[in-house]
Amino acid sequence: MININNKHELEIAFSKDFGSPYFPILADIYMREGDIDRSKRVCEIGLQHCPENNFGKFILAKIAIAEEKPTVAERWLKQVISENPGNFKALRMLIRLEVLLKRSIKTIQSYINIILERLPEDKECHALLDALNNHSSTSALKTTTTNKSLPKKENKGGGIEKTKVSTMESIN
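Residues numbered from 1 in each chain as written. Predicted model: local features only at pLDDT ≥ 70, side-chain atom pairs only at ≥ 80, totals over all residues. Heavy atoms only, no water.

J.: Looking at this structure, how should I read the pattern of salt bridges?
T.: A side chain of one charge can pair with a side chain of the opposite charge if their charged atoms are brought near each other. A full pass over the atoms with the stated rule returns 13 salt bridges. With a closest N to O distance of 3.4 Å, E67 and K40 form a salt bridge. In this pair, E67 sits in the loop between helix 4 (54-66) and helix 5 (70-83) while K40 sits in helix 3 (residues 36-49), placing the two residues 27 residues apart along the sequence. In this structure E67 comes out as partly exposed when scored by relative accessible area, which is 27%. The partner of R92 in a salt bridge is D122, and the shortest N-O contact between them spans 2.4 Å. Residue R92 is located in helix 6 (residues 88-100), and its partner D122 is located in the loop between helix 7 (105-118) and helix 8 (123-145); the two are separated by 30 residues in the primary sequence. Looking at D122, the relative accessible area reads 12%, which means it is buried. (Salt bridge = Lys/Arg side-chain N within 4 Å of Asp/Glu carboxyl O. Helix = DSSP H or I, 4+ residues; strand = E, 2+ residues; numbered from the N terminus. Buried < 20%, exposed > 50% of the residue type's maximum accessible area, 1.4 Å probe, protein only.)

What follows is the structure, given as structure tokens:
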């Protein structure tokens, strides 16, 4: 039996079998140590030998986030969720990414609903839905008045710029 907290044992297991189910654990250790490149290589090699390993894909999503590549992370998370819709950690991460990437409210709601189908009392999801619903109703109002009277503020350079409210601010 391999001690999953022992990096050396995991490295030996991985070297003997690149498709070992332990490769995501090893990659996660490398990532936590700050060795993103090695973590990524382990996942890529592991997935070549075991392409159905969703934990490896999830680690690659985390790596993409660390590399500030949210659309890459989004693709990995969508794969994980399509193969395992019960992976709530991946779903929650995807929901946050979808908000960050300013995806449609309908898209974000569809992922929230996957969680609510299984956890109907999930407070975080209900709060997000409420925020999204409030955002969509105020967005419709903003759209009708946007061209007439946008709030303006003066920037430090003396010019005037339009005030922007990000999606993240409206959901938080």
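J.: Where do I start with helix 7 in this structure?
T.: The periodicity of an α-helix, 3.6 residues per turn, causes residues three or four positions apart to be oriented the same way. With 14 residues, helix 7 should reach 20 Å at 1.5 Å per residue; the first-to-last C-alpha distance of 21 Å fits that figure. Along helix 7, the residues classified as buried are I108, Q109, Y111, I112, I114, I115 and L116. (Expected span 1.5 Å × (residues − 1).)

J.: Where do I start with the packing of helix 6 against helix 7 in this structure?
T.: How two helices sit against one another is set out by the angle between their axes and by the gap between those axes. Axis separation between helix 6 and helix 7 bottoms out at 9 Å; the angle between their running directions is 160°. As the angle between them shows, helix 6 and helix 7 are arranged roughly antiparallel. Judged by the sense of rotation from one axis to the other, the crossing of helix 6 with helix 7 is left-handed. Facing helix 6, whose interface residues are F88, L91, R92, L94, I95, E98 and V99, helix 7 presents T107, I108, Y111, I112, I114, I115 and R118. In the contact of helix 6 with helix 7, the residues fall into 10 nonpolar, one polar and three charged. (Axes fitted to C-alpha atoms, helices over the stretch in contact; angles between N-to-C directions. Parallel < 35°, antiparallel > 145°, perpendicular 65-115°, else oblique. Left-handed = near helix turned anticlockwise from the far one by under 90°. Contact = heavy atoms within 4.5 Å. Nonpolar A, V, L, I, M, F, W, Y, C, P; charged D, E, K, R; others polar.)

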